[in-house]
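Architecture and fold: a report
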Amino acid sequence: MVVKEQPFLPILLGSDMNAYGMARAFYEAYGLKPLVLGRSHLTATQDSRILNFQQIDELNTQAVFVGAMEKVAAQFPNKELLLLACGDDYAKLIIKNKPALQQWFTVPYIDESLMDEILLKENFYKMCEKYQFKYPGTTTVTAQDYETFTPPFEYPIIIKASNSVEYWACSFPGKKKVFVAHDEAEKTAILKAIYSSTYQDTMIVQEFIPGDDSYMRVLNAYVGKDGKVKLMCLGNPILEEHSPEGIGSYAAIVTTYDKELMDQVRFFLEDIGYTGFANFDMKYDVRDKQYKLFEINLRNGRSSYYVTAAGYNLMKYVADDHMLDIKQNLTYADNEHLWMIIPKGVLFKYASNEKLKLKAKSLIREGKYTNSLFFKQDMNMKRWAKLTLNSLNYYRKYKKYFNNKGLSE
């Protein structure tokens, strides 16, 4: 395993599956080992030879963040440092502290004013209307009014936290990332449980879009420092995770293509002055044959290694653009590839879209499939054992939590 010397070093914030996929992409493109920073060392990045890890307690807090990052930068006086977030909380911290961080790092993110426009729900839905994006019927409920709250659309409804950082810090029995309430009694019980915890911020309530996991779409884009989109790659999830902490996270994706959708997203990103990575989650609604946009993440998605696996190295786009000043043209990804983090046995037992299952089997036969965590060039007995146990655990999780009513979002 040859590690090449490069004039720059990627600094990745977070130690999850996304961090490993990003580190793997950098290693594959440049033969370098990124530095991964996290509050704890998760299985995905443990026992790896393609990255270096440093633990920093409370790195996701404003009080610790900037000072800790300054100390990290001081360790590498002779390197250009590229700072990238693997999760929402780190992306927000980077953007909020961008002026200070730019003293030490290249920071390929938007400014705080644009972040506020995109992330504040009322502004986001105004933007959707301006750029002709459809979205699910949405309202909010608070700790003050949840006992008298009646949703303005029919059951089932989706209930999820507006403030994900605060939500993950709280605990209560039956906690899930996303709830589905099928009637008034279930809605009341869910909200009562949430607001009996330390979480007292707003909850988002949405109309449920019918259809199983395969009706979801995920789009990852990279917008260059010149404000022009350089890469777009659309994924069609076959199956999502179904455990309480994993709901809404993709477990298997087949890359797909939709020029009309990509054109619409590209115009939107370029028109609002966006730069860096963007990740869109949406669901196809058979009732009106429209994609309904759920959210925009200001970073590459947790499952974004599907883009690199399909032959479009996502990290090469950001590093070539910002660190090596290499010119890039627009690419709409159209290679077919299967990405997954679950065993094949789980995928084919629990996925319900027969057409996509046939496509997945065909791609596996052709060798066009990737599990981003199982990387041959980064395998040792310790890592293999942990990843294999983790992988087999999906059989237990799906048996316990899976339902096939299309209630994954």
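What you are looking at is a predicted structure, and each value in this text was computed from that prediction instead of being measured.

Rules and cut-offs
- Residues numbered from 1 in each chain as written.
- Predicted model: local features only at pLDDT ≥ 70, side-chain atom pairs only at ≥ 80, totals over all residues.
- Heavy atoms only, no water.
- Axes fitted to C-alpha atoms, helices over the stretch in contact; angles between N-to-C directions.
- Helix = DSSP H or I, 4+ residues; strand = E, 2+ residues; numbered from the N terminus.
- Parallel < 35°, antiparallel > 145°, perpendicular 65-115°, else oblique.
- Contact = heavy atoms within 4.5 Å.
- Nonpolar A, V, L, I, M, F, W, Y, C, P; charged D, E, K, R; others polar.
- Core = buried A, V, L, I, M, F, W, Y, C linked by side-chain atoms within 4.5 Å.
- Buried < 20%, exposed > 50% of the residue type's maximum accessible area, 1.4 Å probe, protein only.
- pLDDT = per-residue confidence, 0-100.
- Left-handed = near helix turned anticlockwise from the far one by under 90°.
- Pairing = 2+ DSSP bridges.

What follows is about the packing of helix H5 (residues 112–119) against helix H6 (residues 121–130). Interhelical geometry of H5 versus H6 gives an angle of 80 degrees and a closest axis separation of 5 Å. As judged from the angle between their axes, H5 and H6 are roughly perpendicular. Along its contact with H5, which presents Asp116, Glu117, Ile118 and Leu119, the element H6 presents Lys121, Asn123, Phe124 and Met127. Of the residues in the contact of H5 with H6, the class split is 4 nonpolar, 1 polar and 3 charged.

What follows deals with the nonpolar core. Counting residues in hydrophobic clusters, the biggest one holds 121 residues, and the most contacted among them are Ile11, Phe26, Leu269, Ile342 and Leu347. The element that contributes the greatest number of residues to this core is helix H1 (residues 17–30), accounting for 9 residues. Other than its neighbours up to four places away in sequence, Leu347 contacts Ile238, Leu239, Ala252, Leu338, Met340, Ile342 and Ala360. Ranked by size, the runner-up nonpolar core spans 20 residues in total, among them Ala143, Ile159, Ala181 and Val205.

Turning our attention to the confidence of the model for the protein. Mean pLDDT for the protein: 94, with 98% of residues reaching 70 or above. Note on residues 405–409: pLDDT under 50 across the span, and 19 contacts to partners over four residues away in sequence or across chains.

Before going further, it helps to spend a moment on the packing of H1 against helix H11 (residues 314–322). Between H1 and H11, the least distance of the axes is 8 Å, while the angle of their chain directions is 65 degrees. As for how H1 packs across H11, the hand of that crossing is right-handed. Together, Met22, Ala25, Phe26, Ala29 and Tyr30 of H1 and Met315, Lys316, Val318, Ala319 and Asp320 of H11 make up the contact between the two elements. Here the residues of the contact of H1 with H11 are counted per class, giving 8 nonpolar, no polar and 2 charged.

Below, the discussion takes up the sheet that holds strand E8 (residues 203–207). The strand order across the open sheet built from 4 strands is E5-E8-E6-E7, with neighbouring strands paired in antiparallel fashion. Looking at which strands have only one partner, the edges of the open sheet turn out to be strand E5 (138–141) and strand E7 (178–181). Mean inter-strand twist for the sheet, computed between neighbouring axes without regard to direction, equals 30 degrees. Pairing of strand E6 (residues 157–161) with E7, which is carried by 4 bridges, proceeds in the antiparallel orientation. Paired with Ile158 across the two strands is Val180, which belongs to E7. Set on the sheet, helix H8 (residues 184–195) makes contact with E5, E6, E7 and E8; between it and E7 the angle comes to about 150 degrees.

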